[in-house]
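# Fold and contact review
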Amino acid sequence: MRYEGNIFRPPSEARSYILQCTVGCTHNRCTFCGMYKDKKYRVRPLEEIKADIRMAGSYYGDLEKVFLADGDALAMDTAELLEILADLRKTFAGLRHIGIYASPDSILKKEISELTALKAAGLTIAYLGVETGDPELLREIRKGVTYEEMVEAGKKIRQAGILLSVTVLLGLAGRTPRAVDHAIKTAEICNEMNPDYIGALTLMLVPRTELYRKMERKEFELPEPFEILDEMRIMIQHMELEGTEFRSNHASNYLPIKGRLPDDKEKILKLINDIIAKNDRRYLRPDYLRAL
């Protein structure tokens, strides 16, 4: 398969064929993210994408899962996305899942009729990087949207019938009292969207990012591991969700957790509280095994 630069995907897309529809990210200004710093955003030619689908069909025969990369493939023209989805379904008879990264801005620019058409054409799930519900922190990390716009984007995906998976980022407020507000307000923004999935990641500072440079200038300090767990505990305590799968199984996290909210809320909180009470790093993923 042909790929340009490093390719990223959500943990749940581990067994998906990755089809690179766009290169880079439309926004690419978040202070913590180094994923696409080496790329300038562009849409790959449609015929090139279709050729990749044909190659994948020849190589794999059939597939059940496909993920559309790079960082914001939803920004593509809807008509072209519909052609890609049609080609995928024609090529892979067993296809049951198509996922995509979606920036809040790209979601907001789509009409609901466009999103429902994409759903009808086979788009299964959209991954939205929420990161935080703290309005001030959203501005500081240069997410490019307000709290209200982020909520609107999430609700729009759900209204279209597409599964919504949101990412939240533990440690984003640094080692300060603001971490409590970050945790509570992130729970609140998730409550407003009521996504199908929530994936919690833990901040890891990446060279060449603005947040890394702030750390070098002593303007930002990463929380300690048990402070991160306390942040996650506060966040989950304030979540009032219906039928949401919660995961912290990304490699960046110190403690892998999975459960369904609200059913498993008390069980999850008991586990976190027990680990915090032990205050023993042996119960946590060691730093040398953590990665983005």
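The text that follows walks through the structure, step by step, so that each part is easy to find. (Residues numbered from 1 in each chain as written. Predicted model: local features only at pLDDT ≥ 70, side-chain atom pairs only at ≥ 80, totals over all residues. Heavy atoms only, no water.)

### Structural notes on the state of the cysteines
This model, assessed by the stated rule, comprises zero disulfides. Free cysteine C30: the closest other cysteine sulfur is in C33, separated by 6.2 Å. There is no disulfide at C190, and the cysteine sulfur nearest it, in C30, is 16 Å away. For C190, a relative accessible area of 0% corresponds to the buried category. (Disulfide = S-S within 2.5 Å. Buried < 20%, exposed > 50% of the residue type's maximum accessible area, 1.4 Å probe, protein only.)

### Quick notes on the packing of helix α2 (residues 78-91) against helix α4 (residues 112-120)
Where α2 contacts α4, the two axes come as close as 10 Å, and the packing angle between them is 10°. Relative to α4, α2 is oriented roughly parallel. Judged by residue contacts, T78, L81, L82, L85 and R89 of α2 engage E114, A117, L118 and A120 from α4. Looking at the contact of α2 with α4 residue by residue, the classes come out as six nonpolar, one polar and two charged. (Axes fitted to C-alpha atoms, helices over the stretch in contact; angles between N-to-C directions. Helix = DSSP H or I, 4+ residues; strand = E, 2+ residues; numbered from the N terminus. Parallel < 35°, antiparallel > 145°, perpendicular 65-115°, else oblique. Contact = heavy atoms within 4.5 Å. Nonpolar A, V, L, I, M, F, W, Y, C, P; charged D, E, K, R; others polar.)

### Some points on the packing of helix α1 (residues 46-60) against α2
Two numbers describe how α1 lies on α2: the axes approach to 10 Å, and their chain directions differ by 15°. Classed by the angle they form, the pair α1 and α2 counts as roughly parallel. In terms of crossing hand, the pair formed by α1 and α2 is right-handed. Here L46, I49, K50, I53 and G57 of α1 lie close against α2, whose contacting residues are E80, E83, I84, D87, L88 and T91. Here the residues of the contact of α1 with α2 are counted per class, giving five nonpolar, two polar and four charged. (Left-handed = near helix turned anticlockwise from the far one by under 90°.)

### Digging into the environment of L203
Its location among the elements puts L203 in the loop between β8 (197-202) and α8 (210-216). Relative accessible area serves as the criterion here: at 5%, L203 is assigned to the buried category. Distance from L203 to C33, taken between C-alpha atoms, is 9.6 Å for residues 170 residues apart in sequence.

### Considerations on the pairing of strand β4 (residues 65-69)
In terms of burial, β4 is largely enclosed, as five of its five residues are buried. One ladder, built from four bridges, connects strand β1 (residues 17-20) with β4; its direction is parallel. Bridging across to β4, Y17 finds its partner in V66. Alignment of β4 against strand β5 (residues 97-101), held across four bridges, turns out to be parallel. Across the sheet, the residue bridging to K65 is H97, located in β5. Remark: the β4/α2/β5 crossover connection has right-handed handedness. (Pairing = 2+ DSSP bridges. Right-handed = clockwise from strand over helix to strand, strands pointing away.)

### Concerning the packing of aromatic side chains
The tally for this structure, following the rule as stated, stands at six aromatic pairs. With 5.6 Å between their ring centres and 80° between their planes, F8 and Y36 make a pair best called edge-to-face. In this pair, F8 sits in the segment before β1 while Y36 sits in the loop between β2 (22-23) and β3 (42-43), placing the two residues 28 residues apart along the sequence. Owing to a relative accessible area of 3%, Y36 belongs among the buried residues under this scheme. (Phe/Tyr/Trp six-rings, centres within 6.5 Å; stacked < 30°, edge-to-face > 60°.)

### Points about unusual backbone geometry
Note on backbone geometry: most residues besides glycine have negative phi, and most peptide bonds are trans. Across the junction of A69 and D70, the peptide omega takes the value 5°, indicating a cis bond. In this fold, D70 is placed in the loop between β4 and α2. Of note, the bond from L261 into P262 is cis; its omega dihedral lies within 30 degrees of zero at 15°. Position of P262 among the secondary structure elements: in the loop between β10 (258-261) and α10 (265-278). Even without glycine at this site, N28 takes up a positive phi of about 55°. Relative to the helices and strands, N28 is located in the loop between β2 and β3.

### Here we look at α2
Along its 14 residues, α2 runs 20 Å from first to last C-alpha, staying within 8% of the 20 Å computed at 1.5 Å per residue. Buried within α2 are the following residues: T78, L81, I84, L85, D87 and L88. Buried residues belonging to α2 abut β1, α1, β4, β5 and α4. N-capping of α2 is provided by D77, with a side-chain oxygen placed 3.1 Å from the backbone N of A79. (Expected span 1.5 Å × (residues − 1). Polar contact = N/O pair within 3.5 Å; in protein donor to acceptor, adjacent residues only side chain to side chain.)

### Details of the sheet that holds β10
With mixed pairing, the eight strands of this open sheet are ordered in space as β1-β4-β5-β6-β7-β8-β9-β10. Every interior strand has two partners, whereas the edge strands, β1 and β10, have only one. Across the sheet, the axes of successive neighbouring strands diverge by a mean angle of 25°, strand direction being ignored. In the packing of helix α6 (residues 147-159) onto the sheet, the strands contacted are β6 (125-131) and β7 (163-170), and the crossing angle to β6 comes to about 165°.

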